[in-house]
Amino acid sequence: MAAVVLTNVHKAYGHVVAVKDINLDIKDREFVVLVGPSGCGKSTTLRMIAGLEEISGGTIAIGGRVVNHLQPKDRDIAMVFQNYALYQHMSVRDNLAFGLRNRRVAEAEIGAAIGRAARILSIEPLLDRRPRQLSGGQQQRVALGRCIVRNPKVFLFDEPLSNLDAQLRAQMRLELKELRQRVPTTSIFVTHDQTEAMTLGDRIVVMKEGLVQQVGTPLELYRRPANRFVASFIGSPSMNFITADVTAEADHFLLACRGWQFRLPITRFPDLGSRVGRSVCIGIRPQHIRLGAPVNANQIAFKGTVMVTEQLGDEQLLAVRLGGTEIRIAGVDPDLTLPAGSAIEAAVATDNLHLFDDLEETR
Ligand SMILES: Nc1ncnc2c1ncn2[C@@H]1O[C@H](COP(=O)(O)OP(=O)(O)OP(=O)(O)O)[C@@H](O)[C@H]1O
Ligand SMILES: [Mg+2]
């Protein structure tokens, strides 16, 4: 068990800066997910922690010890890769034993460790098979087993579920959570899938272009995204963004969007004061919009036209034209018939409005 601390960690490949000055404090036994779009520096960060990549600046400490110059094998970490990296010519049992034999662990001890890992992962009947005789999910379990037998201080995962189909991914997510309960170990998990990040992480680190955008629990990120990028990345369907021009009137602000305007009380939105005379980006989650007229004074209303409906069985998703923009609405009654072109009225509570200053992409 160990804490992992990154201090001003930086990585450049020639002129390409992959990771810019990352600071991260991962607690003992914490499960932290690094999430972000392709190329944002997730794997590079993980590989630096593993010792597979030299760092250009800063320090990495594992269990209170700076490991910058330690070989991967001396860092007491175990890593699971996207392609599992199993030895195809060896049985599952030998794959599990390989790392321990390299360290000259006694055979009796190896046998006990394999037995324990195989029980935890339910792969006992598979021990004498070769990896190619296993399904994707079974291979994934063997790759996890190889980490468990080593009893490392830290688990590192680089997109270990991305080769699996959607159903198996969901199952493996649950299995990973169960594994954590049985073998609580500090873990760093890389993914570009926000659902995986939300469901697995004690905390999530959102990255973009080598920079950390926000670190927080899944609910903190969902409820209080630090910027528009985090807001758009976390949550599905993605948050709606609408640009509005802000003016001040008596006791309220007037927000004018293309084809829609509404008022917000100055007392409840003091932050808007500094944006008067400028534009602001309003974020609204599709789940927070309700069809129908407002039911109280804390809701704002709008009218739009249905463009497309998507039936999911337990809900419908709508794409609605609202003045000059299109927004999505989730959680709509699946039995409601809404042909394209239908006029709808909808409402959103002002508590559920997010305000951002970054306007790009909206206009
Ligand atoms: N060996 C390398 N040489 C040069 N540039 C590299 C090297 N490895 C990575 N990069 C660059 O560093 C940046 C970060 O790459 P990294 O692999 O960490 O991204 P990632 O977030 O893991 O992306 P993905 O989701 O696609 O796996 C990218 O711009 C990438 O092109
Ligand atoms: Mg990667």
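Conventions and cut-offs
- Each residue is numbered by its place in its chain's sequence as written, counting from 1.
- For naming, the first written chain is A and the first written ligand is 1, with later ones following in the order written.
- For a predicted model such as this one, the threshold for reporting local features is a pLDDT of at least 70, and the threshold for listing and counting side-chain atom pairs is 80 or more; totals across whole chains, interfaces and linings nevertheless cover every residue.
- Labels follow the DSSP assignment, with helices taken as runs of H or I lasting at least four residues and strands as runs of E lasting at least two, numbered in each case from the N terminus.
- For every residue, the other C-beta atoms within 10 Å of its own C-beta are counted; 20 or more classify it as buried, 12 or fewer as exposed, and values in between as partly exposed. C-beta atoms are placed from the backbone.
- Residues are scored as being in contact if the C-beta atoms we place from backbone atoms lie within 7 Å.
- An axis is simply a line fitted to the C-alpha atoms; with a helix, the fit covers only the stretch in contact. Between two such axes, the angle follows the N-to-C directions and lies from 0 to 180 degrees.
- Handedness of a helix crossing follows the sense of rotation of the near helix relative to the far helix, less than a right angle counterclockwise being left-handed and clockwise being right-handed.
- Here, any two strands with at least 2 DSSP bridges between them count as paired.
- We call a residue near a molecule or strand when its C-beta atom, built from the backbone, sits within 6 Å of it.
- How far each domain reaches was decided by an automatic or database domain assignment.
- All amino acids are sorted into three groups, where Ala, Val, Leu, Ile, Met, Phe, Trp, Tyr, Cys and Pro are nonpolar, Asp, Glu, Lys and Arg are charged, and the leftover types, Gly among them, are polar.
- By convention the nonpolar core is taken to be a set of buried residues drawn from Ala, Val, Leu, Ile, Met, Phe, Trp, Tyr and Cys and joined through C-beta atoms within 7 Å.

**A word on the overall build of the protein chain**
- What the protein chain contains, in helices and strands, is 8 helices and 20 strands.
- In terms of overall dimensions, the protein chain has a C-alpha envelope of 80 × 50 × 35 Å along the principal axes.
- Out of the 363 residues belonging to the protein chain, those deemed buried represent 35%.
- Nonlocal contacts in the protein chain, meaning residues at least 24 apart in sequence, comprise 65% of its contacts between residues at least 6 apart.

**Observations concerning the packing of helix 2 (residues 92–102) against helix 4 (residues 136–150)**
- Taken N-terminus to C-terminus, the directions of helix 2 and helix 4 make an angle of 35 degrees; their axes are 9 Å apart at the nearest point. Crossing handedness for the pair helix 2 and helix 4: right-handed. On the side of helix 2, the interface is formed by Val-92, Asn-95, Leu-96, Gly-99 and Leu-100, while helix 4 contributes Val-142, Gly-145, Arg-146, Val-149 and Arg-150.

**Looking at the sheet that holds strand 2 (residues 16–26)**
- Strand order across the open sheet formed by 4 strands is 2-1-4-5, with antiparallel pairing between neighbours. For this open sheet the edge positions go to strand 2 and strand 5 (65–66), each flanked by a neighbour on one side alone.
- The pairing of strand 4 (residues 57–62) with strand 5 spans 2 bridges and is classified as antiparallel. Paired with Ala-61 across the strands is Val-66, a residue of strand 5.

**Considering the site of ligand 1**
- Every residue near ligand 1 is listed here: Tyr-13, Val-16, Ala-18, Gly-36, Ser-38, Gly-39, Cys-40, Gly-41, Lys-42, Ser-43, Thr-44 and His-192.
- Looking at the shell around ligand 1, the elements that each hand over two or more residues are strand 2 and helix 1 (42–50).
- Looking at the shell around ligand 1, the element that brings in the most residues is helix 1, giving 3 residues.

**Thoughts on the domain arrangement of the protein chain**
- Its domain assignment divides the protein chain into domain 1 (4–233) and domain 2 (240–356).
- The straight-line distance from the C-alpha centre of domain 1 to that of domain 2 is 39 Å.
- In this assembly, 4 residues from domain 1 lie in contact with 5 residues from domain 2.
- Counted by class, the side of domain 1 that touches domain 2 contains 2 nonpolar, 1 polar and 1 charged residues.

**Section: the nonpolar core**
- Val-33, Leu-156 and Ile-188 are the most contacted members of the largest nonpolar core, which totals 90 residues.
- Broken down by element, this core gets its largest block of residues, 6 residues, from helix 4.
- In this structure, this core is formed jointly by two domains, domain 1 (4–233) and domain 2 (240–356), each of which donates at least three residues.
- If we skip the residues at most four places from it in the chain, Val-33 touches Phe-189, Thr-191, Ala-197, Leu-200, Gly-201, Ile-204 and Val-205.

**Some remarks on helix 2**
- Among the residues of helix 2, those classed as buried are Val-92, Asn-95, Leu-96, Ala-97 and Leu-100.
- At its buried positions, helix 2 is contacted by helix 3 (107–121) and helix 4.
- One or two positions beyond helix 2, positive phi appears at Arg-104, with a value near 60 degrees.

**Regarding unusual backbone geometry**
- Across the junction of Ser-236 and Pro-237, the peptide omega takes the value -5 degrees, indicating a cis bond.
- Inspection of the secondary structure puts Pro-237 in the loop between helix 8 (228–233) and strand 11 (240–249).
- The phi torsion at Arg-29 lies on the positive side, around 70 degrees, for a residue other than glycine.
- With respect to the helices, strands and loops of the structure, Arg-29 is situated in the loop between strand 2 and strand 3 (31–35).
- Classification of Arg-29 by C-beta neighbours within 10 Å gives partly exposed; the count is 14.
- Even without a glycine there, the phi angle at Glu-159 is positive, about 45 degrees.
- Overall, Glu-159 belongs to the partly exposed group, with 19 C-beta atoms counted inside 10 Å.

**Topic: the pairing of strand 9 (residues 203–208)**
- Where strand 3 lies against strand 9, 4 bridges are found, and the strand directions are parallel. Considered in strand 9, the bridge of Val-32 is made with Arg-203.
- As defined by bridge partners, strand 9 adjoins strand 10 (residues 211–216) across 5 bridges and the pair is classed as antiparallel. Each bridged residue has a counterpart across the sheet, and for Met-207 the counterpart in strand 10 is Val-212.
- Between the end of strand 9 and the start of strand 10, which pair antiparallel, lie 2 residues, with Glu-209 showing a positive phi angle near 50 degrees.

**A short note on the pairing of strand 2**
- Taken together, the 7 bridges between strand 1 (residues 4–13) and strand 2 define a ladder with antiparallel strand orientation. What sits directly across from Tyr-13, in strand 2, is Val-16.
- A loop of 2 residues connects strand 1 with strand 2, the two strands running antiparallel in sequence, and Gly-14 in this loop sits at a positive phi of about 60 degrees.

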